[in-house]
Amino acid sequence: AVVSTQSTGQQQPYSTQYNQYPNYSQDSSQQGFYSSPDQYSTPAPQYSTCQPAPYSSPDSFYTSPNSFYDPNANMGSMGAVPQQSTSDSFEDEPPLMEELGIDLQQIYQTTMTVLNPSKPAATNLMDDPDLSGPLMFCLGFGSLLLLSGKIHFGYIYGVALIGAASMYTLLNLMSVNGVSASITVSVLGYCMLPMCVLAGISALLSLKGMLGIILCMVTVSWAAFASSKLFVSVLAMYDQQPLVAYPCAIMYGIFAVLTVF
């Protein structure tokens, strides 16, 4: 190998150029930079007897207070993990009916008020109106009509929706305080109970005759009187009960027509 020099512009052999520098390995060894390997060598430890390390259970590492897997250790400024109380149980949870918003006691009281028209309605009966009872009676009315081979769920839904909207508008025009839509739907739905009785009779007997006319008049009057009684007790319109019962009788009359025909 040859190396070119910039000063002379001549090429010199690599070995010749390398020999120009002092042999640092020899000088440094003479000056004490490198010492004998025996100076840093340490004798290997001698054991008289070989004893095995004491056995520790694998579970002891996880249960040790200084273990990394201990949730209360190595938390720094965050502190220990809060312990969850075991006092929560199924006994402390509220009943299922309460979570769903279904008050069976209120459903029973409203149903008994509808079944007994002569019984005065409580003024606070509709303070917390529910829709579970009306929905149950409407579905029961449609199911009883199925026993007669009549599928009128669409008609029931349509008539109930139009009737509730009409009664809501009429009652707000007639009363001073006004009424909410939930109370209107709840009262009209609970008073579907006489219609359920008529639908159950139609599954056993034919209502296309004088007996059917009489039964329809009785059930429509029953439902109209019960609904008007609840409305006037909520709105304090005791002197206007016949005016409230008339549109209610029209709506329940349509349900009676669906039951007969």
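### Regarding the overall build of the protein chain
Tallying secondary structure elements over the protein chain gives eleven helices and two strands in all. Burial status across the protein chain gives 29% buried among its 261 residues. In the form shown here, the protein chain has an accessible surface area of approximately 18100 Å², with 62% of it arising from carbon and sulfur atoms.

### Concerning the confidence of the model for the protein chain
The predicted model of the protein chain averages 76 in pLDDT, with 65% of residues at 70 or higher. Within the model, pLDDT remains below 50 along residues 1-9, and this stretch shows 14 contacts once partners closer than five positions in the same chain are excluded. For residues 14-19, every residue scores under 50 in pLDDT, and the model assigns this stretch four contacts once sequence neighbours within four places are set aside.

### A closer look at a nonpolar patch on the surface
Among the surface-exposed residues, Leu135, Leu139, Leu146, Ile151 and Phe153 lie close enough to one another that they form a single nonpolar patch of about 490 Å² accessible area. No other element matches the three residues that helix α6 (residues 132-147) contributes to the nonpolar patch. Along the chain, the position of leucine 146 falls in helix α6. Overall, the relative accessible area of 40% leaves leucine 146 in the partly exposed class.

### Thoughts on α6
Between its first and last C-alpha atoms α6 spans 23 Å; for 16 residues at 1.5 Å apiece the expected length is 22 Å, and the two agree. Those residues of α6 not exposed but buried are Gly133, Pro134, Phe137, Phe141, Gly142 and Leu145. Tucked inside the fold, the buried residues of α6 contact α5 (104-115), α7 (153-174), α8 (181-190), α9 (193-204) and α11 (241-260). Note on α6: the residue one or two positions beyond its end, glycine 149, has a positive phi of about 80 degrees.

### Some remarks on the packing of α9 against α11
It is the contact of α9 with α11, at a shortest axis distance of 10 Å, that shows an interaxial angle of 15 degrees. Here α9 lies roughly parallel to α11, going by the angle between them. As α9 packs across α11, the resulting crossing turns out to be right-handed. Of the residues in α11, those touching α9 at Met195, Leu198, Ala199 and Ser202 are Tyr252, Phe255, Ala256 and Thr259. When grouped by side-chain class, the residues that make up the contact of α9 with α11 number six nonpolar, two polar and no charged.

### A word on the environment of alanine 236
Its place among the elements puts alanine 236 in the loop between α10 (210-235) and α11. A sequence separation of 61 residues divides alanine 236 from serine 175, and the C-alpha atoms of the two residues are 8.5 Å apart.

### Some thoughts on α8
α8 sits mainly inside the fold: seven of its ten residues count as buried. All of the buried residues along α8 are Ile183, Thr184, Ser186, Val187, Leu188, Gly189 and Tyr190. Residues of α8 that are buried in the fold lie against α5, α6, α7, α9, α10 and α11.

### With respect to the environment of phenylalanine 255
Here phenylalanine 255 shows up in helix α11. Residue phenylalanine 255 is classed as buried on the basis of its relative accessible area, which comes to 1%. Taking the C-alpha atoms as reference points, phenylalanine 255 and methionine 192, 63 residues apart in sequence, are found 9.0 Å from one another. With near-sequence residues (within four places) excluded, phenylalanine 255 lies in contact with Phe141, Ile156, Val159, Ala160, Met192 and Met195.

### Concerning the packing of aromatic side chains
For the structure shown, the criterion picks out three aromatic pairs. Relative to tyrosine 190, the ring of phenylalanine 137 has its centre 5.9 Å away and its plane inclined at 70 degrees; by these criteria the two rings are edge-to-face. Placement of phenylalanine 137 in helix α6 and of tyrosine 190 in helix α8 is noted, with a sequence separation of 53 residues between them. The pair formed by phenylalanine 137 and tyrosine 190 is uniform in burial state, with each residue classed as buried.

### A closer look at the side chain of lysine 150
Looking at the element boundaries, lysine 150 is found in the loop between α6 and α7. The buried charged residue lysine 150 lacks any salt bridge, with aspartate 130 as its nearest oppositely charged partner at 28 Å. There is a polar contact of 2.4 Å between the side chain of lysine 150 and the backbone oxygen of threonine 259. Excluding its chain neighbours within four sequence positions, the residues that come into contact with lysine 150 are Leu145, Leu258, Thr259, Val260 and Phe261.

### Structural notes on the packing of α6 against α9
When two helices pack together, their arrangement is captured by the angle between the axes and the distance separating the axes. Contact geometry of α6 with α9 gives a least axis separation of 8 Å together with a crossing angle of 10 degrees. Put simply, α6 runs roughly parallel to α9. When you trace α6 past α9, the crossing you get is left-handed. Contact residues: α6 offers Phe137, Gly140, Phe141, Leu144, Leu145 and Leu147, while α9 offers Leu193, Met195, Cys196, Ala199, Gly200 and Ala203. Its residues assigned to classes, the contact of α6 with α9 comprises ten nonpolar, two polar and no charged.

Parameters and conventions
- Residues numbered from 1 in each chain as written.
- Predicted model: local features only at pLDDT ≥ 70, side-chain atom pairs only at ≥ 80, totals over all residues.
- Heavy atoms only, no water.
- Helix = DSSP H or I, 4+ residues; strand = E, 2+ residues; numbered from the N terminus.
- Buried < 20%, exposed > 50% of the residue type's maximum accessible area, 1.4 Å probe, protein only.
- Areas by Shrake-Rupley, 256 points an atom, 1.4 Å probe, with all protein chains shown as cover.
- pLDDT = per-residue confidence, 0-100.
- Contact = heavy atoms within 4.5 Å.
- Patch = residues over 30% accessible without salt bridge, like charges linked within 9 Å, V, L, I, M, F, W, Y side chains within 5 Å.
- Salt bridge = Lys/Arg side-chain N within 4 Å of Asp/Glu carboxyl O.
- Expected span 1.5 Å × (residues − 1).
- Axes fitted to C-alpha atoms, helices over the stretch in contact; angles between N-to-C directions.
- Parallel < 35°, antiparallel > 145°, perpendicular 65-115°, else oblique.
- Left-handed = near helix turned anticlockwise from the far one by under 90°.
- Nonpolar A, V, L, I, M, F, W, Y, C, P; charged D, E, K, R; others polar.
- Phe/Tyr/Trp six-rings, centres within 6.5 Å; stacked < 30°, edge-to-face > 60°.
- Lys, Arg positive; Asp, Glu negative; His and termini not counted.
- Polar contact = N/O pair within 3.5 Å; in protein donor to acceptor, adjacent residues only side chain to side chain.

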